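Reading the structure
Okay, here's what each chain looks like letter by letter:
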Amino acid sequence: MNDKKTPTLLIKNARIVTPDGTLENVALVIKGSRIVSVVDKSHDAGTKIDDPSTSMREIDLRGATLLPGFVDLHIHGAVGVDVVSADAEGLSKVAKYLAGQGTTTWLPTFVPARDEEYESAIRAIDEVMTRQAEDANNSHQAAFGARVAGVHYEGPFVNREMRGALRSVYFKDYTDARDVDFMRKLRSSNAVHFTTIAPEIPNGIELTKELIRRGFIISIGHTRADVATLDEACAAGARHVTHLYNAMTGLHHRAPGVVGWALTKPEMTCEVIADLLHVDEFALQIALKCKGVERMVLVSDAVAPTGLGDGEYEFWDETIKVINGKTENERGGLAGSVITILDAVRVMLKLDVPLVDVARMAATNPARVLGIDAETGSIETGKRADLVAVDDAGNVRMTLVGGRVAFEV
Ligand SMILES: [Zn+2]
């Protein structure tokens, strides 16, 4: 790489949330796509980048708090786009919208669909990931938007009785390895392959093992599995729980259900939709107390109308209303949320969860669940500069993706 052309950013005067706590008096130096130093301002940060051959920009973030960019591992769409029926342009639209909301990495999440839909949606993700990779090599271009990390298949191997808003007409049974051939792998060797399954479906444990063999991260959801089956799934390698509390058996004192198991099984991380509609605030507090901050992940489960306001929308083969920010499908059920991780962050802060812990749940932990934590998810030297600056009112002032400005007020 020609170092002379590497753009350098110096971020000054921000409060910075690092894994070790919030630092008040530091500057951040970003070279190309990476954070190269977190400098105590009592030393002269300028000496580190005093190189006339670099194109240097200073950003003064006085009054703002700099957090690791959010990582959303469960999101179906936004701004009118549903990812399972989207082309590359549609995905790009979502990526740009998310960057404006402080999300820097996302995992497009497919509801069960026809094989042809899966096929073309995977092609669209391939195309976007290729563009992103090319974009990252051309450091003078504007950032693309939030990075697409791979794919999340929510179903089709889930329990019909726990369908939630999913279209059960596209659910599948599993008999042997050929039955998962439709779950095509993405081209990029860095792509994350993730799927939500119910381990109690016939041959569900064999399914878990086969998908792990194929490189999938397994999450348990849309399920009413008993504890023995859940333990078997965990032993086979499942380590994550899809939207804890929703579309699973609840906690009863004589029947702990999937919720009781997930809350007490130390191996499992749990994602929650912290919109206060899918989960009550006390249930959020209980989950946090049981799992501890390291095992909690904030997700949006956002759907196509996100960012468009209340109204009636046609997707997933039905009319879905959004009324006062609450989705409702034709059966009167919730159909995902219209929040972003930023909204979930605000909810957790309102519950008096410390900012450092909220940053873990919104960025560090989901990055770890996806196995991309060496690259992103925290503000540390050597990591990709995926960052969001939030002002005191909780609004996004600037988002950087890979060291480049993807959103700026
Ligand atoms: Zn979902």
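You'll find the structure just up there.
Residues numbered from 1 in each chain as written. Predicted model: local features only at pLDDT ≥ 70, side-chain atom pairs only at ≥ 80, totals over all residues. Heavy atoms only, no water.

1. Considering the environment of alanine 236
Test applied: Each helix is a run of DSSP H or I of at least 4 residues and each strand a run of E of at least 2, with the numbering of both proceeding from the N terminus. Only protein chains enter the accessibility calculation, which uses a 1.4 Å probe; a residue whose area is less than 20% of its type maximum is buried, one above 50% is exposed, and one in between is partly exposed. We call two residues in contact when some of their heavy atoms are within 4.5 Å.
Counting through the fold element by element, alanine 236 comes out in helix H4 (residues 227–236). The class for alanine 236 is buried, based on a relative accessible area of 19%. Taking the C-alpha atoms as reference, alanine 236 lies 30 Å from glutamate 116; in sequence the two are 120 residues apart. Non-local contacts of alanine 236, meaning those with residues more than four positions away in its chain, are made with Thr208, Lys209 and Ile212.

2. Remarks on the coordination of the zinc ion
The condition that has to hold: Any N, O or S atom lying within 2.8 Å of the metal counts as a donor, and for Na, K and Ca the limit rises to 3.2 Å; water is left out, so some sites can look incomplete. In these descriptions, tetrahedral denotes four donors with every angle between 85 and 135 degrees, square planar four donors and octahedral six donors with opposite donors over 155 degrees apart and the rest between 65 and 115, and irregular any other case.
Donor atoms from the polypeptide that coordinate the zinc ion comprise His74 (NE2), His76 (NE2), Glu154 (OE) and Asp301 (OD), at 2.0 to 2.3 Å from the metal. Here the zinc ion is ringed by four donor atoms whose angles at the metal span 83 to 165 degrees, and the overall shape comes out irregular. Donor residues binding the zinc ion come from one chain and are separated in sequence as H-x1-H-x77-E-x146-D. Note that histidine 76 is positioned in the loop between strand E6 (70–75) and strand E7 (77–78) and aspartate 301 in the loop between strand E16 (296–299) and strand E17 (311–315), a separation of 225 residues in sequence. Taken as a pair, histidine 76 and aspartate 301 share a single burial class, namely buried.

3. A look at helix H6 (residues 281–291)
The criterion, for reference: Arc definition: it is the arc formed by the directions from the helix axis to the C-beta atoms.
Along H6, the residues that are buried comprise Ala283, Leu284, Ala287, Leu288 and Lys291. Down the axis of H6, the buried set is contained in an arc of 140 degrees. They therefore lie on one face. More than 90 degrees from the buried face of H6, the exposed residues found are Phe282 and Lys289. Against helix H5 (257–264), strand E15 (269–273), E16, helix H7 (341–350) and helix H8 (355–369) lie the buried residues of H6. Following H6 by one or two positions, glycine 292 adopts a phi angle in the positive range, close to 80 degrees.

Honestly, that's just the spatial picture; any functional story needs more than this.
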